[in-house]
Structure formats: C-alpha cells, structure tokens
Amino acid sequence: MGRMSLSALAPQRPRILSGMQPTSDSLHLGNYLGALVNWVGLQEEFDAFYFVADLHSLTVPTDPADITRRTRVTAAQFIAGGVDPTTSAVFCQSHVPEHAELGWILACQTAMGEMNRMTQFKDKTAKGHNANVGLFTYPVLMAGDIIMYDAAYVPVGEDQRQHLEITRDLAERFNQRFGETFVVPEPYILKESGAKIMDLQDPTAKMSKSESSDKGVIWLRDDPAVTAKKIRSAVTDTEAEVRYDPETKPGVSNLLVIHSVLSGTRVEELERRFSGQGYGALKGEVAEVVTEALAPFKARMDQLLGDPAELDRYLAFGAERAGEVARETMRRTRCAVGLLTAARSAASALG
Ligand code: ATP
Ligand code: LTN
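Draft legend 1. The overall build of the chain, seen in detail. Counting its secondary structure elements, the chain contains 14 helices and 5 strands. Rg of the C-alpha trace for the chain: 22 Å, near the compact-globule value of 20 Å for 351 residues, within the 12% margin. When its C-alpha atoms are laid out on the principal axes, the chain stretches across 85 × 50 × 40 Å. Looking at the chain as a whole, 50% of its 351 residues are labelled buried. In the chain, of all internal contacts separated by at least 6 residues, the share reaching a separation of at least 24 is 76%.

This is the structure we're talking about:
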C-alpha cells in the first residue's frame, strides 16, 4: 500500500472502465469467467477503472445492511479475482459523488422514449419487479459512469450492449449541442473471449445473481463441498453422451464450457476423453477443476474480508484516483451546459 502514488499512475495507456452491482453476497462463476477474468487480462494494456455500482443497486429495494455488506464483498472479490488495486482504480461509485451529478445532467438530455425502449427495464418489470424511477433511468446513470472517465472501451457482457449504445448516443448528442466535451466510448463486448455460464438447474438461462435459484449458481464464496454437490446435481439430459451441443444438450454443454475455460482443455478433447463414460465422470472432474481453480481466489478473499481496513484503504485510493478524473469531467460539463462556476470561498468573497 505504501508504494502507491497518484502521479506514478498518470494514464499513458487508453482508459477502460467497467462495473458490477453489489446485488448478492457473492459474485458467481458467470461473473468470474464472463467478466472478471477479462478485466484482469485487460489491466496490463489499459488504464483500468473498475467499480462497485452501489448507486445502481438502489434501484431494487434492498435492506441497507445488505448493500453495505455486499459492496465490501464485491470489491474484495474483484481483487481476489486478480484486479490489482495498486495499478487499477478499484472504487465504490457512491464515493465519487460526481456520478449522480453527471447522471442528472445527462437525464436532462434524454428523451422519455429512449428509456422506454430499454429492454432491461422491460424485462425486469415484466418479471413483476415493482419499478421505481431510478430503475427506469438506470441507463442514464450508467452512461454517466462511462462518460465520466473518458473511457475508450467498456468491457461488458452482451446483455449490456444496449446500455452502451445509449451511452454513445448521449455522448454524441451532448457534443453536438454543447461542443466537444466527451469521449464517445467504443463497446468492448466480451462475447468471444468471455464465456457465458448457464444456470446449473436451468441451463437455458444464464447464471444470475438475482434471478437464479441457489442450487443453480456456483457462488465464488461457496465451500468446495457445496460447489461439488451443486455440480454433481446439475441438470443434464436423458442421454448419456458427452457432446457439446448447446441447443439440445445445454446442461452438458455448460459443464464442458466450464471445464474447458478453467482447465484450458479444448472442448473436442474433453468430448473424446469422456466418450462412453457418462455424466457422472464429467461432473466429478468439473467439480475438481472448479474447486481447485477457486481455492487461491477464496484464500485471498477471506484475507481481504478479514481485514476490512486494508480493503477500505484500497477503495479510498481508487476513489481518490477516480475523483481526480471525475472532478475534471464535471468542470468541463458544468461549463458546457452553462452552470455558474462556484466562487472558491463565500466567506472571503464577502470579507
Ligand atoms: P443481476 O442478476 O443482478 O443482473 P448478474 O449475475 O446478471 O446480476 P451483473 O452484475 O449484471 O450480473 O453482471 C456483471 C458482469 O458479469 C457483466 O459484465 C455481465 O455481462 C457478466 N455476467 C453476468 N452473468 C454472467 C453469466 N452467466 N455468464 C457470463 N457472464 C456473466
Ligand atoms: N449495468 C451493469 C453495471 C454497470 C456498468 C456501468 C458496467 C453500471 N455502470 C458502467 C460498465 C460500465 C451491470 O449490471 N452489469
């Protein structure tokens, strides 16, 4: 921690930014293999900003103590997964209050119809979530998160594509109306490089923090024995052939993908290896591969959660770096829309 200094980290590399919501007591294997592993890979090449989207998580009514606890766990899991908080900025969205301010300014440039089209809102309300205005305007806050850091790329899963498109639209529109103020970000969809992991109990749906049943999710915090049991009880099909075919054999295909991504073994090779052996053998080995791969992750996570002061120091450092960039963006933004610059000290102005 002592070696960190803001000036040493001046951005020579293009900037990337991404975030995850603290919507559960742990991230799951899908978040890890579909997003976090890629974040880790990108932090060498890019000046990376990774944050816990705690303001976003308020869009679904949640117990305050849950938000606090989940925010810590999510940040700890970013770091346990390999994000280096001394070179990448790891922070909480709410620790940089400029996010809410930029969200407001962008909301005032957004048409109601644009938000009405957002599929995430439509999906969530269709599933019976009692929507509030925050959930409706969620994509505007997200656009602000991205625009704030002049991010060149935003590594996210396919499900976030529409949010990136609206971000680009808003940045372009703002620049047209108020003059060049914002960098227009490029999507960096993690479709090819990031695996999509399916629910173990319903392999036609993606593994999800808030939608899946507990049995269908491999939580990164689960005990190895629990993880192994969930994998052994994964839904497969009535055949006994180990073959990759997501259409007709989604359960088996999901297990093959998990094995392949974590072990580095090609799916074809796994098909050959398990030919004629049935699903029991495949499940046993997937359980082994997953628990082995997660062992160092769990050790680092336990260490971080056991020392909240260390984690808070990392988050403070990340927020300091993020705040530097955010203050500069807001200065430009306020000026562009015509907000009066505040005098430095009201008392001295009167004196
Ligand atoms: P929620 O249910 O609260 O929406 P989630 O599990 O879908 O949670 P997010 O917080 O929306 O996760 O996503 C964090 C990141 O993880 C995103 O980049 C998303 O694309 C990725 N991700 C989420 N679920 C999966 C999955 N099953 N497979 C691969 N990537 C995933
Ligand atoms: N909507 C994202 C979380 C998120 C995000 C962002 C991702 C909020 N703001 C900015 C990338 C950039 C999600 O639910 N996965």
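Anyway, onward from the coordinates.
Draft legend 2. Quick peek at the site of ligand 2. Of all residues adjacent to ligand 2, which total 14 residues, the nearest are Gln 21, Tyr 138, Met 142, Asp 145 and Gln 160. For ligand 2, a nitrogen atom lies 3.0 Å from a polar atom in the side chain of Gln 160. Taking 370 Å² as the accessible area of ligand 2 by itself, protein coverage stands at 90%. Of all the elements in the fold, those that place two or more residues in the shell around ligand 2 are strand S1 (15-20), helix H7 (133-148) and strand S4 (153-156). Considering every element that reaches the shell around ligand 2, the biggest residue donor is H7, with 4 residues.

Draft legend 3. Local environment of the site of ligand 1. Taken together, 19 residues surround ligand 1, and among them His 28, Ile 197, Lys 206, Lys 209 and Ser 210 come closest. Taking His 28, its side chain carries an N or O atom lying 2.7 Å from an oxygen atom of ligand 1. For ligand 1, whose free accessible area comes to 600 Å², the fraction covered by protein is 91%. Counting residues per element, the shell around ligand 1 draws most heavily on helix H1 (residues 29-42), which supplies 4 residues. For the shell around ligand 1, the residue count by class is 6 nonpolar, 9 polar and 4 charged.

Draft legend 4. Representation of the nonpolar core within the structure. With 54 residues, the main nonpolar core has Tyr 32, Leu 36, Trp 39, Tyr 50, Phe 78, Ile 231 and Leu 282 as its most contacted residues. Per-element tally for this core: the top contributor is helix H12 (residues 278-306), with 9 residues. Setting aside chain neighbours within four positions, we find Trp 39 in contact with Ser 18, Gly 19, Met 20, Tyr 50, Phe 78, Val 83 and Pro 155. Val 140, Leu 164, Ile 166 and Phe 174 belong to the second largest nonpolar core, which has 37 residues in total.

Draft legend 5. Main features of empty space enclosed by the protein. Scanning the model with the defined rule gives 1 cavity of 30 Å³ or more in all. Of the volumes computed, that of the largest cavity is approximately 40 Å³. Along its surface, the largest cavity is lined by Met 118, Gln 120, Phe 121, Leu 135, Tyr 138, Pro 139 and His 163. Mapped by element, the contributors of at least two residues to the lining of the largest cavity are helix H6 (119-126) and H7. The leading source of residues in the lining of the largest cavity is H7, at 3 residues. Residue classes in the lining of the largest cavity are distributed as 5 nonpolar, 2 polar and no charged.

Draft legend 6. Examining the environment of Met 112 more closely. With respect to the element layout, Met 112 can be found in helix H5 (residues 112-116). Counting along the chain gives 25 residues from Met 112 to Thr 137, while the straight-line C-alpha distance between them is 9.2 Å.

Draft legend 7. Spotlight on the pairing of S1. Among the 6 residues of S1, 5 are classified as buried, and the element is accordingly described as predominantly covered. Crossover handedness for the path S1 to H1 to strand S2 (residues 47-52): right-handed.

Draft legend 8. Layout of the side chain of Thr 181. For Thr 181, the location among the structural elements is in the loop between helix H8 (161-178) and strand S5 (186-189). A polar contact is formed between the side chain of Thr 181 and the backbone oxygen of Gly 179, at a distance of 2.7 Å. If we skip the residues at most four places from it in the chain, Thr 181 touches Phe 174, Asn 175, Arg 332, Thr 333 and Ala 336.

Draft legend 9. Representation of the packing of helix H4 (residues 98-107) against helix H13 (residues 308-337). Contact pair H4 / H13: the axes reach a minimum separation of 10 Å and the direction vectors enclose 25°. Judged on the interaxial angle alone, H13 and H4 are roughly parallel. For H4 against H13, the interelement crossing comes out left-handed. Where H4 abuts H13, its residues Glu 98, Glu 101, Leu 102 and Ile 105 lie against Ala 326, Arg 327, Met 330, Thr 333, Arg 334 and Val 337. When the residues that make up the contact of H4 with H13 are grouped by side-chain class, the tally is 5 nonpolar, 1 polar and 4 charged.

Draft legend 10. Expanded view of unusual backbone geometry. At Asp 150, a position not held by glycine, the phi torsion is positive, near 50°. Summarising the element assignment, Asp 150 is placed in the loop between H7 and S4.

Draft legend 11. Molecular detail of the packing of aromatic side chains. The full count for this structure, using the stated rule, is 11 aromatic pairs. On the numbers, 5.1 Å between centres and 35° between planes, the contact of Phe 49 with Tyr 149 is tilted. Taken together, the residues Phe 49 in strand S2 and Tyr 149 in the loop between H7 and S4 connect sequence positions 100 residues apart. With relative accessibility at 1%, the residue Phe 49 sits in the buried group. One aromatic cluster is present, formed by Phe 49, Phe 51, Phe 91 and Tyr 149 through successive ring pairs.

Draft legend 12. Up close: the side chain of Thr 167. Its place among the elements puts Thr 167 in helix H8. Once you skip the residues sitting within four places of it in the chain, Thr 167 turns out to touch Ala 143, Ile 146, Ile 147 and Pro 185.

Criteria and thresholds
- Residues numbered from 1 in each chain as written.
- Chains lettered and ligands numbered in written order.
- Predicted model: local features only at pLDDT ≥ 70, side-chain atom pairs only at ≥ 80, totals over all residues.
- Heavy atoms only, no water.
- Helix = DSSP H or I, 4+ residues; strand = E, 2+ residues; numbered from the N terminus.
- Rg over C-alpha atoms; globule rule 2.2 N^0.38 Å.
- Buried < 20%, exposed > 50% of the residue type's maximum accessible area, 1.4 Å probe, protein only.
- Contact = heavy atoms within 4.5 Å.
- Near = heavy atom within 4 Å.
- Polar contact = N/O pair within 3.5 Å; in protein donor to acceptor, adjacent residues only side chain to side chain.
- Areas by Shrake-Rupley, 256 points an atom, 1.4 Å probe, with all protein chains shown as cover.
- Nonpolar A, V, L, I, M, F, W, Y, C, P; charged D, E, K, R; others polar.
- Core = buried A, V, L, I, M, F, W, Y, C linked by side-chain atoms within 4.5 Å.
- 1 Å grid on protein atoms, 1.4 Å probe; cavity = no way out; pocket = protein on both sides within 12 Å on 5 of 7 lines; lining within 4 Å.
- Points joined across faces, edges and corners; volume = space filled by probe spheres on them.
- Right-handed = clockwise from strand over helix to strand, strands pointing away.
- Axes fitted to C-alpha atoms, helices over the stretch in contact; angles between N-to-C directions.
- Parallel < 35°, antiparallel > 145°, perpendicular 65-115°, else oblique.
- Left-handed = near helix turned anticlockwise from the far one by under 90°.
- Phe/Tyr/Trp six-rings, centres within 6.5 Å; stacked < 30°, edge-to-face > 60°.

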